[in-house]
Amino acid sequence: MQEIDDFDRKILSLMQDDARQTTEAIGAQVGLSATAVQRRLKRLRQAGAIRREIAVLDAAVTGKRITLIVQITLNKGRGHAVDGFKARMRALPEVQQCFYTMGDSDFVLIVTAKDVADYEAFTRRAFFDDATIAHFKTTIAMDTVKSGLDVPLD
């Protein structure tokens with residue numbers, strides 16, 4: 001992909017804030033025509049700079065009242081299991097985010113659940129029968145101070 005310029009950065013910033021904006025509205029804010037904005041958005045999508053355009057839901061409204069941060073440590077000597085673990089986590093709707101990490105744990109997950117009983121059922125399905133998992137540690141979030149997927153563009 002070619003390097004993004006200041007117009008692209010401004011467009012991407014506006015899209016991160018509200019992807020439903022019209023190209024006319026974006027163009028008015030960045031100083032380009034709607035057609036120029038459409039061309040840039042098409043190029044940015046094709047290049048993979050815009051990976052998805054999604055609706056961000058309120059988890060409490062959907063019944064997922066708690067957020068859990070889960071650290072996963074795999075058994076040593078099971079390096080081949082990493083790809084399989086990644087695939088399993090991608091398939092679980094309760095897993096909002098999954099990070100392959102360096103440090104004390106191999107993975108950090110962000111998981112949503114209705115309540116602790118719902119999370120326990122999830123752990124039984126997702127972790128207990130997985131021989132590649134040495135152990136996991138869970139932290140329950142008491143409050144969401146900041147939540148987002150915005151990428152800094154400066």
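Structural notes, computed from the coordinates. (Residues numbered from 1 in each chain as written. Predicted model: local features only at pLDDT ≥ 70, side-chain atom pairs only at ≥ 80, totals over all residues. Heavy atoms only, no water.)

**A few points about the sheet that holds strand β3 (residues 107-113)**
Line of reasoning, step 1. Read across the sheet, four strands follow the order β2-β3-β1-β4 without closing on themselves; strand pairing throughout is antiparallel. Strand pairing shows two members of the sheet lacking a second neighbour, β2 (95-100) and β4 (133-140), which therefore form its edges. The average angle at which neighbouring strand axes cross in this sheet is 20 degrees, direction not considered.
Line of reasoning, step 2. Here strand β1 (residues 66-74) pairs with β4 via seven bridges, running antiparallel. Looking at β4, one finds that Gln71 is bridged to Lys137.
Line of reasoning, step 3. Against the sheet, helix α5 (residues 116-128) contacts β1, β2, β3 and β4, and its axis sits at roughly 160 degrees relative to β4. (Pairing = 2+ DSSP bridges. Helix = DSSP H or I, 4+ residues; strand = E, 2+ residues; numbered from the N terminus. Axes fitted to C-alpha atoms, helices over the stretch in contact; angles between N-to-C directions. Contact = heavy atoms within 4.5 Å.)

**With respect to the packing of aromatic side chains**
Line of reasoning, step 1. Enumeration according to the criterion identifies six aromatic pairs in this entry.
Line of reasoning, step 2. Between Phe85 and Phe107 the ring centres are 4.5 Å apart and the planes differ by 45 degrees, which places this aromatic pair in the tilted class. Here the residue Phe85 occupies a position in helix α4 (residues 81-91), and Phe107 occupies one in strand β3, the gap between them amounting to 22 residues. Both residues of the pair, Phe85 and Phe107, belong to the buried class. (Phe/Tyr/Trp six-rings, centres within 6.5 Å; stacked < 30°, edge-to-face > 60°. Buried < 20%, exposed > 50% of the residue type's maximum accessible area, 1.4 Å probe, protein only.)

**A closer look at the side chain of Asp8**
Line of reasoning, step 1. Relative to the helices and strands, Asp8 is located in helix α1 (residues 6-17).
Line of reasoning, step 2. Side chain to side chain, Asp8 and Arg43 meet in a polar contact 2.9 Å long.
Line of reasoning, step 3. If we skip the residues at most four places from it in the chain, Asp8 touches Glu3, Arg40, Arg43 and Leu44. (Polar contact = N/O pair within 3.5 Å; in protein donor to acceptor, adjacent residues only side chain to side chain.)

**Observations concerning the environment of Val116**
Line of reasoning, step 1. The residue Val116 is located in helix α5 in this model.
Line of reasoning, step 2. C-alpha of Val116 to C-alpha of Ile66: the two residues are 50 residues apart in sequence and 8.0 Å apart in space.
Line of reasoning, step 3. Not counting residues up to four positions away in its chain, the partners in contact with Val116 are Ile66 and Ile140.

**A word on the nonpolar core**
Line of reasoning, step 1. Core analysis: the largest hydrophobic core is formed by 19 residues, its most contacted members being Val70, Ile72, Leu109, Val111, Tyr119, Phe122 and Phe127.
Line of reasoning, step 2. Of all the secondary-structure elements, those providing two or more residues to this core are β1, α4, β3 and α5.
Line of reasoning, step 3. Core analysis: the second largest hydrophobic core is formed by ten residues, Ile11, Leu12, Val37 and Leu41 among them. (Core = buried A, V, L, I, M, F, W, Y, C linked by side-chain atoms within 4.5 Å.)

**Description of the environment of Ala81**
Line of reasoning, step 1. When you line up the elements, Ala81 lands in helix α4.
Line of reasoning, step 2. For Ala81, a relative accessible area of 6% puts it in the buried group.

**Things to note about a nonpolar patch on the surface**
Line of reasoning, step 1. Judged by side-chain polarity, Ile54, Val56 and Leu149 come together as a nonpolar surface patch covering roughly 330 Å² of accessible area.
Line of reasoning, step 2. The residue Val56 is located in the loop between α3 (34-46) and β1 in this model. (Patch = residues over 30% accessible without salt bridge, like charges linked within 9 Å, V, L, I, M, F, W, Y side chains within 5 Å. Areas by Shrake-Rupley, 256 points an atom, 1.4 Å probe, with all protein chains shown as cover. Salt bridge = Lys/Arg side-chain N within 4 Å of Asp/Glu carboxyl O.)

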